[in-house]
Amino acid sequence: MKPEHPSPEPDVPGADDPDARGTPVGRRVLLGTLGLGALGLAAAPSLQRGLESFLAGAADRDPTGLTGLLPNGGGFRYYSVAASVPRKDARTYRLTVDGLVDRPASYTLADLKALPQTRLVRDVQCVTGWRVPGTPFEGVRLSRLLDAAGVRPAARAVRFTCFDGTYSESLTLGQARRADVLVALRMRDEDIGHGHGGPARLYVAPMYFYKSAKWLSGITITEDVEPGYWEVRGYDVDAWVGRSNGRDDAPTS
Amino acid sequence: MPPRADAPPADTTVRRFAPAQRWAHRATALLMGVCVATAACLYVPQLAQLAGRRALVVTLHQWSGLLLPVPVLAALVSRAFRADLARLNRFGPHDRVWLRATLRRDRRPASRPAGKFNAGQKLYAAWIAGATLVMLGTGLLMWFTHLTPLVWRTAATFVHDWLALTVGIVLAGHVGMALADPEARRGLRTGSVRREWAEREHPLWRP
């Protein structure tokens, strides 16, 4: 490919081209980068632990918040599957409960706030790997809303829909009745903002965070579990932290 | 290859790139652009909030990433392209001089000898090629999650995230230097550059 005689073709480095000879540093840099990548894979578990503790410390003393943008910088990441999500406030927000119930209902934000509130402090674990320790959620137990609606005997599942118009997911009736499943109105002891799925979102403490649907607007009691948005895309419906989606994280609840 | 009929007058301009290099660069730049833009929309909370449509953005990111090496591989059929890869690979004594001048921040053209590609361009080409392959490998580990144990997947995510940040910074440098040098951009756009520029920036290059 690199003839040692002067080449009549301008497309080939000839003998007078200084780049026709020399050390193949390019190939070494390329292979070295590949090697570093493989080494990074092998060393990732210990590197990650070190970086996480370092960044957590740095984030405490970082007024700019830029550390939050770094990988493993801690904190929540925003995932939305819809093109845009309308904003709802105390005036426009409604949560409907319907399906196989005796008394369908529609709650305003004030109605929900008037019901007894439960506060839970658990870790949040995302199926993509990030975990936020000790996050307080506060709201109405889902079981209370189900009891108020009067679930019919044929019902075996609950389907949740959201006012982003796209997201949905499901729980079995048994899962939905757990004491650590809330319609959450507050997170980290503040009213839930739009970015975190406010004014009201589902909070399913023992499951991966995609089960905690943001912008919750509909609760429908059904006969069978209907897989939701990520669930038809391959995620587990029974998304227990540490016992699903091929992961072994420590349980959150 | 016989002299080209469409070659510009030899006294003012010199031919720098054949269509193979130019189209490989264009297609790679486009795919890399989609990769970076979608990555930003998946990663930066403010952009994620603006873009939404997570499933679509993920699909775009996966496919642009998977296709990223294709233009370079396709261009390997071109002899001119292979010749430029050979030039990028080899480092001569003049490249060491160039790198030392850069480290001393010596900007005089006389202290920065270069052939068709200077030492910085050579290093960039080799590193970005390696980095792209590492991104592709770790990306595939994150994509086909059922193929590997969890610890591999978290490790792949870790490498993918940090290398993405590094690639982003290096790419910004690459684009910044191109923006500062219209003649270099002209070379990739039209295939030809002014002779005076070539003699100043690449004095050892004999086009």
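Because the structure is a prediction, the values reported are computed rather than measured.

Caption draft 1: Broad picture of the packing of helix 3 (residues 54-67) of chain B against helix 7 (residues 119-143) of chain B. Residue and element names in this part refer to chain B. At their nearest, the axes of helix 3 and helix 7 sit 10 Å apart, and the two run at 140° to each other. The orientation of helix 3 with respect to helix 7, classified from their angle, is oblique. Taken as a pair, helix 3 and helix 7 cross one another with a handedness that is left-handed. In this structure, helix 3 contributes Gln62, Trp63, Gly65 and Leu66 to the contact, and helix 7 contributes Leu136, Leu140 and Trp143. Each residue belonging to the contact of helix 3 with helix 7 can be placed in one class, and the counts come to 5 nonpolar, 2 polar and no charged.

Caption draft 2: Representation of the nonpolar core. Counting residues in each nonpolar core, the largest one holds 46 residues, and the members touching the most others are Leu95(A), Leu112(A), Leu142(A), Leu146(A), Val183(A) and Ile219(A). Sorting the residues of this core by element identifies strand 1 (95-99), helix 2 (109-114), helix 3 (142-149), strand 5 (157-162), helix 4 (173-176), strand 7 (181-187), strand 9 (201-204) and strand 10 (216-222) of chain A as the ones contributing at least two each. Here the element with the most residues in this core is helix 3 of chain A; it accounts for 4 residues. Those residues within four positions of Leu95(A) in sequence are excluded, and the remaining contacts are Ala105(A), Ser106(A), Tyr107(A), Leu112(A), Leu145(A), Val183(A), Leu216(A), Ser217(A), Gly218(A) and Ile219(A). Ala44(A), Ala131(B), Leu163(B) and Val167(B) belong to the second-largest nonpolar core, a separate cluster that totals 15 residues.

Caption draft 3: Representation of the confidence of the model for chain B within the structure. On average, residues of chain B score 89 in pLDDT, and 93% of them are at 70 or above. Taken element by element, chain B is modelled with least confidence in helix 2 (residues 45-51) of chain B, mean pLDDT 76, and with most confidence in helix 4 (residues 70-75) of chain B, mean pLDDT 97.

Caption draft 4: Structural context of unusual backbone geometry. Residues and elements named next belong to chain A. Between Gly198 and Pro199 the backbone carries a cis peptide bond, its omega angle lying at 10°. Residue position: Pro199 is located in the loop between strand 8 (190-191) and strand 9. We note that Arg188 has phi near 50°; this positive angle belongs to a residue other than glycine. In this structure, Trp215 takes a positive phi of about 55° despite not being glycine. Within the fold, Trp215 resides in the loop between strand 9 and strand 10.

Rules behind the numbers
- Residues numbered from 1 in each chain as written.
- Chains lettered and ligands numbered in written order.
- Predicted model: local features only at pLDDT ≥ 70, side-chain atom pairs only at ≥ 80, totals over all residues.
- Heavy atoms only, no water.
- Axes fitted to C-alpha atoms, helices over the stretch in contact; angles between N-to-C directions.
- Helix = DSSP H or I, 4+ residues; strand = E, 2+ residues; numbered from the N terminus.
- Parallel < 35°, antiparallel > 145°, perpendicular 65-115°, else oblique.
- Left-handed = near helix turned anticlockwise from the far one by under 90°.
- Contact = heavy atoms within 4.5 Å.
- Nonpolar A, V, L, I, M, F, W, Y, C, P; charged D, E, K, R; others polar.
- Core = buried A, V, L, I, M, F, W, Y, C linked by side-chain atoms within 4.5 Å.
- Buried < 20%, exposed > 50% of the residue type's maximum accessible area, 1.4 Å probe, protein only.
- pLDDT = per-residue confidence, 0-100.

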